[in-house]
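So you can see what is in the structure, the chains are spelled out below.
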Amino acid sequence: MNLLSHNVRSLEGALAALGEPALHATRILRRFYGHHGRPDWADPRLGRRLRALLEAAPDPNPTRILERVESDDGTLKLLLGLSDGATAEAVLMPSYREEEASACVSTQVGCAMRCDFCATTRGGLVRNLEGPEIVGQFLHLGAEAQERGRALKRLVFMGMGEPLNNLDAVLFAIERIASPALGALGWRRITVSTVGLVPELDRLTALGLGVHLAVSLHAADDALRGQIVPTAKRFKVADIVAAARRFQERRGRIVTFSYCLLADVNDRDADADALADVLDGSRSHVNVIPYNAIGAGLSGVVYARPSAERVEHFVERLRARGVVAHVRDARGDDVSAACGQLRERRGPHPFPSPPPLRGRGEVS
Ligand code: SF4
């Protein structure tokens with residue numbers, strides 16, 4: 001009975017099977033998540049036997065921190081070891097509000113999507129992360145934020161991997177992270193990012209979750225997008241934007257379109273105009289992300305970040321067409337800012353079966 005696997009109802013059943021009052025389920029899970037998976041179980045309402053079981057159980061978080069790399073701007077990258085020796089990255093970013101932080105979690109080890117400007121995909125897809133491995137990242141990030149005097153307030157599924165290629169595990173994690181009785185982050189503070197897998201996006205829409213959606217477009221022209229995001233060729237840009245609009249209509253949440261800006265590739269005036277055309281005056285938000293250098297992409301092309309002036313000009317050209325657009329600040333430039341670089345540098349970790357860090361959290 002691993003606490004990371006349970007929601008309230010399933011834990012109620014597990015407690016009943018142990019002969020313990022089912023009503024403790026909410027109390028246990030609130031305490032577990034409220035302390036980022038590291039609670040003491042000193043609550044006398046739980047009873048001596050149940051407290052002893054909780055105290056004796058191994059740490060249910062299947063990830064452990066192998067490395068912390070902190071940027072001058074406060075961005076923290078965590079390299080996490082998994083039980084099979086694989087590694088994944090998670091990122092914590094201080095918000096402009098002094099007491100808040102945002103975070104980014106990975107959903108796969110590696111990635112199959114082959115985006116040409118991305119370090120994560122250079123080793124291909126190793127495997128999907130399991131739901132508890134995603135929730136485990138959230139717990140570490142919450143604890144790290146607290147140690148820095150901040151509360152984790154926003155989370156995006158955008159690190160290593162394509163979230164919609166591992167949607168069941170993502171849904172498992174969202175339920176636990178958002179639910180008031182568990183992670184209590186709230187649905188509206190969670191964003192799922194995708195390169196635009198239309199059937200999976202429609203599945204997410206049909207579920208009616210209250211999360212936000214970000215679609216990584218990177219080009220409004222199908223031919224250019226096919227070079228930058230080769231495996232997304234099977235979906236036309238217009239079809240992806242249409243699927244994003246279906247999500248927006250169902251949820252009433254404005255979709256963000258992410259656009260990684262690559263010098264002399266997709267940063268020309270014509271590219272901005274094509275993007276404005278495809279969005280066609282619809283309510284949306286474009287998040288322009290100046291490229292973080294990774295060396296040669298899978299195609300062998302070495303991309304460059306456009307100048308600050310070029311980035312600003314691109315954004316202004318979109319705004320002149322009525323598109324709401326912002327530049328995402330470069331974060332963690334001094335600490336392998338692009339996702340996948342830390343994992344790439346470190347390689348597999350040498351502890352295939354990490355011992356539990358803390359003797360708490362698993363009931364039996
Ligand atoms: S940018 Fe995201 S979807 Fe594309 S290869 Fe990298 S991790 Fe995968």
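Up top you'll find the structure we're talking about.
Residues numbered from 1 in each chain as written. Predicted model: local features only at pLDDT ≥ 70, side-chain atom pairs only at ≥ 80, totals over all residues. Heavy atoms only, no water.

Student: Got a sec to walk through the pattern of salt bridges? Specific residues and values, please.
Tutor: Scanning the entire structure with this criterion turns up 21 salt bridges. A salt bridge links Lys 77 to Glu 89; its shortest N-O distance comes to 3.2 Å. In this pair, Lys 77 sits in strand E2 (residues 76–81) while Glu 89 sits in strand E3 (residues 87–94), placing the two residues 12 residues apart along the sequence. Here Lys 77 and Glu 89 have matching classes, each one buried. Look at the salt bridges and you will find they share partners, linking Arg 68, Glu 70, Glu 144 and Arg 148 into a network. (Salt bridge = Lys/Arg side-chain N within 4 Å of Asp/Glu carboxyl O. Helix = DSSP H or I, 4+ residues; strand = E, 2+ residues; numbered from the N terminus. Buried < 20%, exposed > 50% of the residue type's maximum accessible area, 1.4 Å probe, protein only.)

Student: A description of helix H1 (residues 8–17) should follow, citing residues and the corresponding values.
Tutor: For H1, the complete set of buried residues consists of Val 8, Leu 11, Ala 14 and Leu 15. End-on view of H1: buried residues confined to an arc of 120°, all on one side of the axis. Away from its buried face, by an angle of more than 90 degrees, H1 presents the exposed residues Arg 9 and Ala 17. Buried residues in H1 make contact with helix H2 (24–34) and helix H3 (48–56). Immediately beyond the C-terminal end of H1, within one or two residues, lies Gly 19, with a positive phi of roughly 80°. (Arc of directions from axis to C-beta. Contact = heavy atoms within 4.5 Å.)

Student: Could you give an account of the packing of aromatic side chains, naming the residues involved and the relevant values?
Tutor: According to the stated counting rule, one finds 3 aromatic pairs in the structure shown. Ring centres of Tyr 291 and Tyr 303 lie 6.1 Å apart, and the angle between their planes is 70°; on these two criteria the pair is classed as edge-to-face. Of this pair, Tyr 291 sits in the loop between strand E11 (285–290) and helix H10 (308–320) while Tyr 303 sits in the loop between E11 and H10, and the two are 12 residues apart along the sequence. By relative accessible area, Tyr 291 is classed as buried at 2%. (Phe/Tyr/Trp six-rings, centres within 6.5 Å; stacked < 30°, edge-to-face > 60°.)

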